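Each chain, written out:
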Amino acid sequence: MEDIVTAKADVEAVEKVINSVDYLPLPDELLHLSEDEIKKLEKSLTRKLDMTLMPVVALLFLLNILDRNNIANAKISGLTKTLDITNSQYNTCLMIFYVGYVITQIPSNMLITKISRPSVYICCITSAWGVVSMCQAFTKSFGGLFAARFILGLVEAPFLPGVFYLMSCWYKRSELPPRIAILYGSNMLATAFGGLIAAGIISRMDGKAGRPAWEWLFIIEGSMTIAIALLVMPVVPDYPGQHIRSWTGMDKQHHIYAEWRIRKENAGIKDEDTESIWWGLGQALRDPKLYMFVVMQMALITAQSFNNFFPSIVGTLGYNRTITLLLTAPPYIFAFIVSLCVSFHAAHKGERGYHIAIPMIFGLLGNLLAMFVPTLGGRYFSMFLMTSGTYAPYNLCVSWLSSSLPRPASKRAAVFAIVNLMAAGVAHFYTSYAFPDTQKPRYYGGGAMMSAACLICATMALGIKWHLKRENKRFDMVEAGGEVAKTIKGSKAGHGGEATVSFRYVH
């Protein structure tokens, strides 16, 4: 009986220590608010972000994917025949995009931490890639298309890691997964509606003004990107506390609270840097977790490498050009729905590893069915598994990355850029050649590569989960021993009182 009482006392002592490390005083400007008013302020903040930041970045990302991948639709619309380029030259044009993508990714995300108006920066680079995308319509040879794709990679690279960084400055880590799911859903919707848009343009615009349909594809989608990017610029918020604009619906209280709540879940550390951007890059490179996420993300992007060839893969079912483009839409729409379900469930459960590994197993099954199932219906069903299984985990990987390497700001920005560079950049150097026309209709080489990538991604997710759980146990032991993770007093906390804040990884 005495042992039980002693054990209970020990448990209560540990809980007392752990609970004591979860306090960060409110800023002076918010001390007059009651607990209910603070809750209303938080709901108002997330609602206004969801009505301003989220729709705009989702729309811009949709345009990003549309302008990046419309070359796949242009290919089956006659691009290769008009320019008289071989399948190998076409694949080289796909690959060179990612060479440009690699060059500007890290410098841009190192720079964005020092830019006070990310809204202007993001919308300007969006307009820039719209111009370059439109210029692809006026190329007359392999060399012209090669140059246009390279420049397109240069100007598109800063967008996605920059947006991820901006979102991480506003949203808590528990809020990021469903929001990134919605954002990355723009990828799937762009691919789905890209096929529908292409089908409409091809059927109605071929021969207009003496131009083939694929040229109109680039002209229409590129000009649309330029116009939309300039129109939405005033809606995108900048960093919390900077350039408060009343028309976005967020006043000074929203900005102060947004900065405070991000600090609270990251050991009370203010989201700013006194060191240089190169110091932040060095901090990122010295963190072993970075390399674990690089491997997982590269495997994930490799598993998605069918996306640049999806119209050609669907074309092996034997339908005509218009029906083929229409058939590309349903698998991506289904993947979008699955992605939202997985992300909301992961956010509700506070879990990441299993929610990444399990969909990847379904992606593996889809690849195997695509290679070996003989029936037409079975092969089309496999495409639903391929898309949903490999696209659903992406947003979780990004939000998990943000919460696992959160501070300082320049380190987090460098991490986003490095992981996106290695995954979306380097991985495409070899995936661009994984689906040659000579392997139709089964594409055994590409299928085997994607199958292996699914296994590697799932294994790596479970490995990261195990590592972060072990780190959390170490934090528990340290705090139970009387050592707290972070203590801030007085002015160092940015307000009166004492802040004692703990940090735990999401796994």
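Residues numbered from 1 in each chain as written. Predicted model: local features only at pLDDT ≥ 70, side-chain atom pairs only at ≥ 80, totals over all residues. Heavy atoms only, no water.

Topic: the packing of helix α2 (residues 35–76) against helix α10 (residues 252–264)
- Contact pair α2 / α10: the axes reach a minimum separation of 10 Å and the direction vectors enclose 95 degrees. With respect to α10, the element α2 is oriented roughly perpendicular. Between α2 and α10, the residues in contact are Ile38, Leu41, Glu42, Ser44, Leu45, Thr46, Lys48 and Leu49 and Gln253, His254, Tyr257, Ala258 and Arg261, respectively.
- For the contact of α2 with α10, the residue count by class is six nonpolar, four polar and three charged. (Axes fitted to C-alpha atoms, helices over the stretch in contact; angles between N-to-C directions. Helix = DSSP H or I, 4+ residues; strand = E, 2+ residues; numbered from the N terminus. Parallel < 35°, antiparallel > 145°, perpendicular 65-115°, else oblique. Contact = heavy atoms within 4.5 Å. Nonpolar A, V, L, I, M, F, W, Y, C, P; charged D, E, K, R; others polar.)

Describing the confidence of the model for the protein
- Looking at the protein as a whole, its pLDDT mean stands at 78, while 83% of the residues score no less than 70.
- Contacts for the low-pLDDT stretch residues 1–21, under 50 throughout, to residues beyond four places or in other chains number eleven contacts.
- Here residues 483–501 is a poorly scored stretch, pLDDT under 50, and it has 57 contacts once near neighbours within four places are set aside; other chains count. (pLDDT = per-residue confidence, 0-100.)

Some points on helix α5 (residues 118–135)
- With 18 residues, α5 should reach 26 Å at 1.5 Å per residue; the first-to-last C-alpha distance of 26 Å fits that figure.
- Every buried residue belonging to α5 is among Pro118, Ser119, Tyr121, Ile122, Cys123, Ile125, Thr126, Ser127, Trp129, Gly130, Val132 and Ser133, and all of these are buried.
- Considering only its buried residues, α5 is in contact with α2, α4 (87–112), α6 (142–156), α7 (159–170) and α9 (213–232). (Expected span 1.5 Å × (residues − 1). Buried < 20%, exposed > 50% of the residue type's maximum accessible area, 1.4 Å probe, protein only.)

A few points about the packing of α2 against α5
- One way to put it is that α2 packs onto α5 with a least axis distance of 11 Å and a crossing angle of 25 degrees. It follows from the interaxial angle that α2 and α5 lie roughly parallel. Taken as a pair, α2 and α5 cross one another with a handedness that is left-handed. Across the interface between the two elements, Leu60, Leu63, Asn64, Asp67 and Asn70 from α2 touch Ile122, Cys123, Thr126, Trp129, Gly130 and Ser133 from α5.
- The residue makeup of the contact of α2 with α5, split by class, is five nonpolar, five polar and one charged. (Left-handed = near helix turned anticlockwise from the far one by under 90°.)

Focus on the environment of Ile103
- Relative to the helices and strands, Ile103 resides in helix α4.
- On the accessibility criterion, Ile103 (47% relative accessible area) is partly exposed.
- For the pair formed by Ile103 and Ala157, sequence separation is 54 residues and the distance between their alpha carbons is 8.3 Å.
- Excluding residues that lie within four positions of it along the chain, Ile103 makes contacts with Phe150 and Leu154.

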